[in-house]
Amino acid sequence: MEPTTANNTRLHHSFKVNSPDVTYTEDTITSNYQYRTTKTKLVNGELNVEPVCTNYTFKTERKVPKLGVMIVGLGGNNGTTVVAGTIANREGISWRTKTGVQHPNYYGSMLMSSTVKLGQNERGEETYVPFNSMLPMVHPNDMVFGGWDISGLDMAAAMERAQVLEYDLQRQLQPYMKSMKPLPSIYYPDFIAANQKDRADNVLPGSKQEHLDRIRQDIRDFKKANNVDKVIVLWSANTERFSNIVPGLNDTADNILAGIKKGESEISPSSVFAIASILEGTPYINGSPQNTFVPGVIELALRHNVYIGGDDFKTGQTKIKSVLADFLISAGLKIASIVSYNHLGNNDGKNLSAPQQFRSKEITKTNVVDDMVASNPILYKDGEHPDHCIVIKYVPYVGDSKRAMDEYTSEIFMGGHNTIAIHNTCEDSLLATPIILDLVMLTELMCRVSYHTQAEGDQFNTFHPILSVLSYLLKAPLVPENATLVNALFRQRSCIENILKACVGLPPDNHMLLEQKTFVKSL
């Protein structure tokens with residue numbers, strides 16, 4: 001395919017790295033990569049900084065599997081929009097609106113609709129490739145969807161209930177979706193708002209252990225019925241209240257498995273789904289803010305070496321916050337207060353109108369600036385933190401069109417103050433859907449990437465089961481114990497980009513452009 005040229009850049013849709021450190025075979029891409037970083041140590045009151053180089057070998061399997069995606073909350077706004085959007089793209093369905101004909105796209109997906117800079121050509125033009133061309137990735141059009149929901153509406157009726165997509169598009173999607181129906185799901189009323197009871201007409205009977213066994217069987221049945229090579233399970237159902245961490249109940253893998261057998265009430269539906277997925281060797285992603293991954297669930301994932309990722313899709317207000325806070329603090333401006341208000345009218349907003357469920361959301365939204373504040377002790381004393389207020393209100397009339405208003409007040413030079421106020425109107429599920437697709441695509445890719453270091457020998461290993469590379473897409477990133485928690489958005493994106501570059505033997509883009517700042521014209 002010929003490259004596209006615009007604004008002094010060139011877009012290519014495929015590439016091959018010409019390097020003795022990169023080997024392409026029919027089955028794999030293998031790269032030898034020098035990972036350079038620094039370590040610091042305080043010696044006699046002086047900070048010593050030492051450059052460190054670690055030799056990695058990365059291996060990526062090139063064959064993309066047939067992928068099944070099972071969504072918990074399949075009949076909700078996000079679930080129906082994911083299924084409808086991929087069908088519209090796959091079938092090339094266009095639809096009429098009052099402003100004209102709209103064509104399907106994957107806008108909002110980092111992997112499907114953004115690019116990565118690979119370098120410059122001989123004329124100094126920057127050269128880019130689509131993000132999903134960095135390594136072989138599954139295409140959303142090829143995904144097979146299924147899942148569970150406490151509401152028994154078929155997917156066409158659920159799409160109509162959600163009121164997210166235009167009528168003319170819904171009309172054309174009806175024949176594809178009316179035969180799809182969610183599997184019965186787990187319903188423990190104590191974990192979600194009481195106002196969800198009227199939707200709960202498709203629930204599993206029996207004990208917690210029976211629920212666990214049924215979900216495991218559902219995963220096996222789905223995989224067999226659809227002839228898929230791999231399944232990923234993703235939670236997009238209601239926000240739950242936080243689970244209490246109880247010694248002897250959910251603090252270890254063995255205890256939480258025993259607790260399920262005993263029917264302990266403090267084990268949440270999302271934790272049961274996560275455990276079922278782990279026991280089936282199936283990656284599990286938590287798209288809501290509750291603490292699904294209690295210590296016992298994390299230990300179980302580590303024991304079985306199964307990928308888990310979370311928490312809470314990062315769509316509008318929080319994504320902006322992770323950019324703006326990073327910008328202000330990096331500029332030496334001291335954020336003194338952040339006030340975030342939003343209202344929405346979809347079922348997510350209805351569920352969040354209950355105090356315990358709102359508290360789960362409040363925690364993930366508040367913690368997003370912590371690492372940026374901690375990075376600048378010049379501005380913030382030990383333990384000091386900006387005032388941070390979160391308000392969410394349920395306004396049924398606005399439906400899926402969420403309104404968010406933010407005010408950032410910062411201390412500036414010589415006692416002055418600066419206030420930035422933002423009003424953001426966003427269609428919630430249309431922002432969340434591409435993030436769901438990115439999470440699934442990236443998780444599947446990481447299942448095919450392995451590594452070893454020179455010091456460890458030739459035995460390839462998978463990445464840590466807590467898949468922190470997903471952080472860019474999540475409000476409250478889950479990271480391994482004692483690992484650095486990064487919320488700053490551009491650092492998170494650079495992490496993904498640079499890991500994928502390492503897998504093809506390319507250095508990270510350091511943005512120095514020395515060839516343009518010195519008399520050395522070619523490097």
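Notes on the structure follow.

Conventions used here
Residues numbered from 1 in each chain as written. Predicted model: local features only at pLDDT ≥ 70, side-chain atom pairs only at ≥ 80, totals over all residues. Heavy atoms only, no water. Buried < 20%, exposed > 50% of the residue type's maximum accessible area, 1.4 Å probe, protein only. Helix = DSSP H or I, 4+ residues; strand = E, 2+ residues; numbered from the N terminus. Axes fitted to C-alpha atoms, helices over the stretch in contact; angles between N-to-C directions. Left-handed = near helix turned anticlockwise from the far one by under 90°. Contact = heavy atoms within 4.5 Å. Nonpolar A, V, L, I, M, F, W, Y, C, P; charged D, E, K, R; others polar. Core = buried A, V, L, I, M, F, W, Y, C linked by side-chain atoms within 4.5 Å. Expected span 1.5 Å × (residues − 1). Pairing = 2+ DSSP bridges. Salt bridge = Lys/Arg side-chain N within 4 Å of Asp/Glu carboxyl O. Patch = residues over 30% accessible without salt bridge, like charges linked within 9 Å, V, L, I, M, F, W, Y side chains within 5 Å. Areas by Shrake-Rupley, 256 points an atom, 1.4 Å probe, with all protein chains shown as cover.

### Quick notes on helix 7 (residues 269-279)
- Of all 11 residues in helix 7, 10 are buried, a share of seventy percent or more.
- Listing the buried residues of helix 7 in full gives Pro269, Ser270, Ser271, Val272, Phe273, Ala274, Ile275, Ala276, Ser277 and Ile278.
- Directly after helix 7, the chain includes Gly281, whose backbone phi takes a positive value near 70°.

### A look at the packing of helix 1 (residues 77-91) against helix 3 (residues 155-162)
- The contact between helix 1 and helix 3 brings their axes to 9 Å, and the two run at 115°. Judged by the twist between their axes, the crossing of helix 1 over helix 3 is left-handed. Each of Asn77, Gly79, Thr80, Val83 and Ala84 in helix 1 lies in contact with helix 3, whose residues at this interface are Met155, Ala158, Met159 and Ala162.
- Its residues assigned to classes, the contact of helix 1 with helix 3 comprises six nonpolar, three polar and no charged.

### A closer look at the nonpolar core
- In this structure, Met143, Leu173, Met177 and Leu439 are the most contacted members of the largest nonpolar core, which totals 68 residues.
- Element by element, the count of residues in this core is highest for helix 13 (residues 428-446), at nine residues.
- One finds Trp235, Ala253, Ile267 and Ile466 within the second-largest nonpolar core, a separate group that totals 38 residues.

### Structural notes on helix 9 (residues 317-330)
- Between its first and last C-alpha atoms helix 9 spans 20 Å; for 14 residues at 1.5 Å apiece the expected length is 20 Å, and the two agree.
- Extensive coverage of helix 9 is indicated by the burial of 10 of its 14 residues.
- Regarding helix 9, the residues found buried are Gln317, Thr318, Lys319, Lys321, Ser322, Leu324, Ala325, Asp326, Leu328 and Ile329.

### A short note on the pairing of strand 20 (residues 449-453)
- In terms of residue burial, strand 20 counts as a mostly covered element, since five of its five residues are buried.
- Side-chain alternation along strand 20 places Val449, Tyr451 and Thr453 on one buried face and Ser450 and His452 on a second face that is also buried.
- Inspection of the sheet shows strand 5 (residues 46-61) paired to strand 20 by five bridges, in the antiparallel sense. Its bridge partner being in strand 20, Tyr56 is matched across the sheet by Thr453.

### So, the sheet that holds strand 13 (residues 230-235)
- Read across the sheet, six strands follow the order 12-11-6-13-14-15 without closing on themselves; strand pairing throughout is parallel. What marks the edges here is a single partner per strand, and that holds for strand 12 (183-184) and strand 15 (308-310).
- Two strands pair when backbone bridges link them, and strand 11 (residues 144-149) and strand 12 are joined in this way by two bridges, in the parallel orientation. Residue Trp148 lies in a different strand from strand 12, and its bridge partner there is Leu183.

### Some points on the sheet that holds strand 20
- On the basis of which strands lie adjacent, the open sheet formed by four strands has the order 3-4-5-20 and antiparallel pairing. At either end of the open sheet lies a strand with only one pairing partner, and these are strand 3 (22-24) and strand 20. When the angles between neighbouring strand axes are averaged without regard to direction, this sheet yields 30°.
- Inspection of the sheet shows strand 4 (residues 28-43) paired to strand 5 by 16 bridges, in the antiparallel sense. In the strand pairing of strand 5, Lys41 is matched with Asn48.

### Considerations on the pattern of salt bridges
- Applying the stated criterion across every chain, the model contains 22 salt bridges.
- One salt bridge in this structure joins Arg303 and Asp254, with 3.1 Å as the shortest N-O distance. Of this pair, Arg303 sits in helix 8 (residues 295-304) while Asp254 is found in helix 6 (residues 253-262), placing the two residues 49 residues apart along the sequence.
- Of the charged contacts, one joins Glu497 and Arg493 as a salt bridge, the two residues approaching to 3.0 Å between their closest N and O atoms.

### A few points about the pairing of strand 18 (residues 401-411)
- In this structure, strand 16 (residues 334-344) lies alongside strand 18, joined through nine bridges in antiparallel fashion. Within strand 18, the position partnered with Lys334 by the bridge is Glu411.
- Note: strand 18 against strand 19 (residues 417-427), 11 bridges, orientation antiparallel. When the bridges of strand 19 are listed, Glu407 appears paired with Ala421.
- What sits between strand 18 and strand 19 in their antiparallel hairpin is a turn of five residues, with Met414 showing a positive phi close to 60°.

### Quick word on a nonpolar patch on the surface
- There is a patch of nonpolar side chains on the surface, built from Leu42, Leu47 and Val49 and spanning about 320 Å² of accessible area.
- Note on placement: Leu42 falls in strand 4.
- Classification of Leu42 as exposed rests on a relative accessible area of 61%.

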